[in-house]
Every structure is written in structure tokens, then in C-alpha cells.
Amino acid sequence: MVLTIDVGNTRIKAAVFEGDSVLGKFVFEKNQLEKKIKNILEKFQNCSDLVVASVGNVEKQSFLTFEKQLNIHFLTHENAFPFVNKYATPKTLGIDRMVLAAGAVLQFPKQNRLVIDAGTCVTYDFIDESDHYLGGAISPGLQLRYETLHNFTAKLPLLELEVPESYIGNSTAQSIHSGIVNGFVYEIDGFIDEYRRNFSNFIIILTGGDTDFLAKRLKNTIFANSNFLLESLNQIFQYKIDND
Ligand SMILES: Nc1ncnc2c1ncn2[C@@H]1O[C@H](COP(=O)(O)OP(=O)(O)OP(=O)(O)O)[C@@H](O)[C@H]1O
Ligand SMILES: CC(C)(CO)[C@@H](O)C(=O)NCCC(=O)O
Ligand SMILES: [K+]
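Anyway, here's the lowdown on the structure attached to this text. What you see is a predicted model, and the numbers here were worked out from it, not measured in a lab. (Residues numbered from 1 in each chain as written. Chains lettered and ligands numbered in written order. Predicted model: local features only at pLDDT ≥ 70, side-chain atom pairs only at ≥ 80, totals over all residues. Heavy atoms only, no water.)

## Here's the deal with the overall build of the protein
On a plain count of helices and strands, the protein comes out with seven helices and eleven strands. Scaling as 2.2 N^0.38, a compact globule of 244 residues should have a C-alpha radius of gyration of about 18 Å, and the protein matches this with 19 Å. Here the C-alpha coordinates of the protein stretch approximately 60 × 40 × 30 Å along the principal axes. The buried share among the 244 residues of the protein stands at 47%. Contacts in the protein between residues at least 24 apart in sequence constitute 51% of all its contacts with a sequence separation of at least 6. A total accessible area of about 12,500 Å² is found for the protein, and carbon and sulfur atoms account for 49% of it. (Helix = DSSP H or I, 4+ residues; strand = E, 2+ residues; numbered from the N terminus. Rg over C-alpha atoms; globule rule 2.2 N^0.38 Å. Buried < 20%, exposed > 50% of the residue type's maximum accessible area, 1.4 Å probe, protein only. Contact = heavy atoms within 4.5 Å. Areas by Shrake-Rupley, 256 points an atom, 1.4 Å probe, with all protein chains shown as cover.)

## Thoughts on the site of ligand 2
Lining the immediate environment of ligand 2, one finds N9, V55, Y87, T92, L93, G94, D96, R97, T123 and I138. In the environment of ligand 2, an oxygen atom lies 3.0 Å from a nitrogen or oxygen atom belonging to the side chain of N9. Surface burial for ligand 2 is 76%, taken as the share of its 380 Å² of free accessible area covered by protein chains. Here ligand 2 occupies the largest pocket. Looking at the shell around ligand 2 residue by residue, the class counts come to four nonpolar, four polar and two charged. (Near = heavy atom within 4 Å. Polar contact = N/O pair within 3.5 Å; in protein donor to acceptor, adjacent residues only side chain to side chain. 1 Å grid on protein atoms, 1.4 Å probe; cavity = no way out; pocket = protein on both sides within 12 Å on 5 of 7 lines; lining within 4 Å. Sits in = over half its atoms within 2 Å of the grid points. Nonpolar A, V, L, I, M, F, W, Y, C, P; charged D, E, K, R; others polar.)

## Details of the environment of Q174
The residue Q174 is located in helix 5 (residues 172-198) in this model. For the pair Q174 and P164, spaced ten residues apart in the sequence, the C-alpha separation amounts to 6.0 Å. Those residues within four positions of Q174 in sequence are excluded, and the remaining contacts are E162, P164, E165 and G169. Separated by 3.0 Å, the side chain of Q174 and the backbone nitrogen of E165 make a polar contact.

## Concerning the pairing of strand 9 (residues 132-140)
Of the pairings in the sheet, the one linking strand 6 (residues 84-85) to strand 9 comprises two bridges and is parallel in character. Residue V84 lies in a different strand from strand 9, and its bridge partner there is H132. Here strand 8 (residues 121-127) runs beside strand 9; their pairing, made up of seven bridges, is antiparallel. Considered in strand 9, the bridge of I127 is made with Y133. (Pairing = 2+ DSSP bridges.)

Take a look at the structure:
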């Protein structure tokens, strides 16, 4: 059994795998990390390995507490990844993006793939059919857009996510919802259209905290899987055993 942990910018997500099956899924805050891992390990006593990908500022020490119980694997740029990294600054590429790219290559061999992770930030990652990682884009996520609009203006309120009534916002609130929600959807569909103009065939994987909200609203057909990063961690773990 493998415990996979994704330390994001805002939250931590974890899942226990037996082979390819998910036995349990967990979401928690950074300050609950040690307590939650302890609880998970009490529930799943056959966990032998812990695989972590972290872009957040969590102390490595918090995981090392469990060193006696588990083999701990901290993914870094030094690990073997199943693609050729063509990013101009490979050392600054987010480990979460590398894990998503690896998962796309392992789950969808020999085809072009676009991975969209709609989390705190939205990331776009493109890996072509020759398994070359080309890069993509980073933009603010849905929640971040609401917060930024409020934090950097004098008059704009902090609103909760709401589906806009129309693209023509007829009030301050509706204008904000339209700008953020419609803008977000247009951005993603716009990127997908641009990729389509340049690559004949590719699979699109959508993941991250806003997966379900977005999946219903995009005009393009996508493969929606909010667990894709955790599943990819599990797959990399299998790959890592074979290749490191
Ligand atoms: N319970 C929740 N708490 C926070 N965000 C949530 C929640 N449910 C859905 N979301 C949405 O998920 C987005 C955050 O995504 P996610 O949880 O994947 O981010 P994260 O933990 O920071 O991970 P990453 O850094 O990998 O993006 C927000 O834009 C928000 O709209
Ligand atoms: C873009 C984020 C914040 C998304 O979690 C993360 O992947 C990261 O910190 N990336 C580093 C910059 C880059 O990927 O080029
Ligand atoms: K993200």
C-alpha cells in the first residue's frame, strides 16, 4: 500500500493506493499534516511507502517523523521522469507540473496531451507524442481571482463564487462574477482552441480543485479527473521503482 501526498499552495491532498485502486482520499490544512498522516496510517496499517510532491512551504521534517514506519520518497527534479524536459528553465519547473506531465505520459502513451490543473493557480502543461515536455502556462485560479480583485482595489467586495446570470453583468456583483467565471472559462477554452490549431490530435486532462465546476462549463470535451495528481504520484512511484 502506498500513501501519496500532494502539498499544494493552499491545501494538502492525500490518497492511499493498493495497486491502481484508491482505498481512501483525504483533504486537510497544512497545520494538521502530522496528525492526519498518523490517523491515515492507523487506518491503513499496511502502508509501506509514502510518496510526496510539494510546492507548498511544508517542512520536510514533518514527514520524516514517519521514517521508522514507512519508506519516504520526496519527489524532486533529480528523479527519473518519463519525458524529455524541453523547458528552458527545468530547475524552476513546479514539481506538481512534472508529476502531472509524468502521469499524462504513463496513462496516455504515444499521443499529444494537454494537462490543465485548475487549483490555486491554473497550470497548462503540454507533452507531445514524442514525450517531449514543451511547457504551457500559469495563471491565477478561480479563488485567487476573487481575492485579487478585492485586495488590490478600493471598492470591489470579496464575493463568493457564483455562476453569473449573463456575460453582461448588470450590477457590481454580476460584473465581477461574469468577469471572473466567464473570463476563466473563456481563457481555458481559448487555450484549448489555440492548441487545436497547432496540434491535430490531443487528449485534454482537467484536474484540480475546480475540476467539477469547470467541466460542466467548457465547450471543449475534456477528460475530467480531480484525482489525477494523486493517481500520477502512485504511477510515478511504480515507475520510480523500475527506473531510479
Ligand atoms: N474546500 C475547498 N477549499 C479550498 N478551495 C476549494 C475547495 N473546494 C473547491 N475549491 C476550489 O479549488 C481551488 C483550489 O484548488 P486546489 O485545492 O487544487 O488548490 P491547492 O490545494 O492550492 O493545490 P495547488 O497548489 O496544486 O493548486 C480554488 O480555486 C477553489 O475554488
Ligand atoms: C505554478 C505553481 C504555483 C502551481 O502549483 C507551481 O507549479 C510552481 O510553483 N511552479 C514553479 C514555476 C514553473 O512551473 O515554471
Ligand atoms: K495548480
